[in-house]
Amino acid sequence: MSDPPRKLSRRAFLGGLALGAASAAAPGAARASDGYGKGGVHGRRAEELCAFLDISRCINCQQCVYACRETNGHKFPEPKKPFPKMYPNKVPVEDWSERRNVTDRLTPYNWLSIQTAEVEWQGKEYRLHIPRRCLHCQNPPCANLCPFGAARKLENGIVRIESGLCMGGAKCRAVCPWQIPQRQTGVGLYLSLMPRFAGNGVMYKCDRCFDTKVAKGELPACVEVCPESVQSIGPREEIVALAKRRAGETGGFLYGLEDNGGTNTIYLSPVPWEVLNEAVDSRGKHKPDLAAKPNVMANEENLASAVFAAPVAGLAAGVFAAAKSIRDRKGGADD
Ligand code: SF4
Ligand code: SF4
Ligand code: SF4
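Residues numbered from 1 in each chain as written. Chains lettered and ligands numbered in written order. Predicted model: local features only at pLDDT ≥ 70, side-chain atom pairs only at ≥ 80, totals over all residues. Heavy atoms only, no water.

Draft legend 1. Layout of unusual backbone geometry. In this structure, the amide linkage connecting lysine 81 to the following residue, proline 82, adopts the cis form with an omega of 0°. Locating proline 82 in the fold gives a position in the loop between α2 (63-72) and β2 (113-121). (Helix = DSSP H or I, 4+ residues; strand = E, 2+ residues; numbered from the N terminus.)

And the structure:
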């Protein structure tokens, strides 16, 4: 049995990036070429960037967790306090700014965490570690249903949230099958526009190092740093072929091929996912589970909402541009 490649060849990797690298180059830029202001990218492409994670190789060393924080820390929120009181008082304050060191779950300051499951299957005991972050869905409900167009799928398949556009209403988390995005109160556009009436912050999640690494043709930090070569990354078609081949060779089980209509993160486990899902700690808020997920966007109500959201998102982008220009003239900052 041959070892899986650490990563696809540089040529294949860059091939996968070529479509979107240029468009993803400018952090926070609202440019037509990357879909901002135009409703983002819809539909699936064979060249989309996809990751493959063989969880049997993960030793829970956490190097990926800290590499992510180091690489993307400059995008973490710096909230203004005290927080404005919301009216009506129905949107809870979510403040992680005093708990930035938390690594055992996803937060605005921790975009990757490792879950552990101890299971017995077919008479054998397993202790498996599962790196968890945004799965970068092929048809992401977070992006399709964001009322402000802040969550978007880029041409290279990366799904990201533009912090300068996000009002923190958490629609993206509500419709995400794994409740991945996390809110920080006291930061973002709502403070300038409607500090007492809007969503109460900004949502944060893994952006696949779209600007810090991928736009430069480099591997995402968590992929690059892993000493056990848990992750491979490249064009989806090739990654799916690799994942299926490895599953066939090892008798393992895949997650992400069909979940939520297909994700650009494919996991391989030596035990069935329903067994892992029973064992993994998904108690408490916002610890993602491992259950099979139906396609959120196949729901007719969501499809109708997406059609409604698109023009509103365009309008919101215009409001954002105007607000930003006023702020820039006053010498203000985004967050
Ligand atoms: S996993 Fe959740 S946050 Fe990530 S792209 Fe899918 S729906 Fe969006
Ligand atoms: S791809 Fe980048 S942003 Fe996402 S978890 Fe890995 S290091 Fe963090
Ligand atoms: S760096 Fe690799 S081995 Fe270490 S926790 Fe992350 S995925 Fe697992």
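Draft legend 2. The nonpolar core, seen in detail. Judged by nonpolar contacts, the single largest core of 59 residues is most densely connected at Ile55, Ile130, Trp178, Tyr267, Trp273 and Leu276. Ignoring anything within four residues of it in the chain, the contact list for isoleucine 55 reads Leu128, His129, Ile130, Pro131, Tyr267, Leu268, Ser269, Pro270, Trp273 and Leu276. (Core = buried A, V, L, I, M, F, W, Y, C linked by side-chain atoms within 4.5 Å. Buried < 20%, exposed > 50% of the residue type's maximum accessible area, 1.4 Å probe, protein only. Contact = heavy atoms within 4.5 Å.)

Draft legend 3. The arrangement of the side chain of aspartate 54 in detail. Mapped onto the fold, aspartate 54 is located in strand β1 (residues 49-54). What makes aspartate 54 buried here is its relative accessible area of 4%. Sequence-distant contacts of aspartate 54, that is, excluding residues within four places in its chain, are made with Val230, Arg246 and Leu268.

Draft legend 4. Spotlight on the packing of aromatic side chains. Using the criterion set out here, one finds seven aromatic pairs in the structure. Aromatic side chains phenylalanine 76 and tryptophan 111 sit 5.3 Å apart centroid to centroid with 65° between the ring planes, which places their arrangement in the edge-to-face category. You can see phenylalanine 76 sitting in the loop between α2 and β2 and its partner tryptophan 111 sitting in the loop between α2 and β2, a full 35 residues away along the chain. In this structure tryptophan 111 comes out as buried when scored by relative accessible area, which is 5%. Members of the aromatic cluster, joined through ring pairs, are Trp178, Tyr255, Tyr267 and Trp273. Positioned above the aromatic ring of tryptophan 96, the side-chain terminus of arginine 99 is 3.9 Å from the ring centre. (Phe/Tyr/Trp six-rings, centres within 6.5 Å; stacked < 30°, edge-to-face > 60°. Lys NZ or Arg CZ within 6 Å of the ring centre and 35° of its normal.)

Draft legend 5. Geometry of the environment of leucine 268. Considering the arrangement of structural elements, one finds leucine 268 in strand β10 (residues 265-269). Residue leucine 268 is classed as buried on the basis of its relative accessible area of 2%. A C-alpha to C-alpha distance of 7.1 Å links leucine 268 and alanine 243, two positions 25 residues apart in sequence. Not counting chain neighbours up to four residues away, the residues in contact with leucine 268 comprise Phe52, Leu53, Asp54, Ile55, Ser56, Arg246, Ala247, Thr250, Gly252, Phe253, Leu254 and Trp273.

Fair warning: the whole summary comes from geometry, so function is off the table for now.
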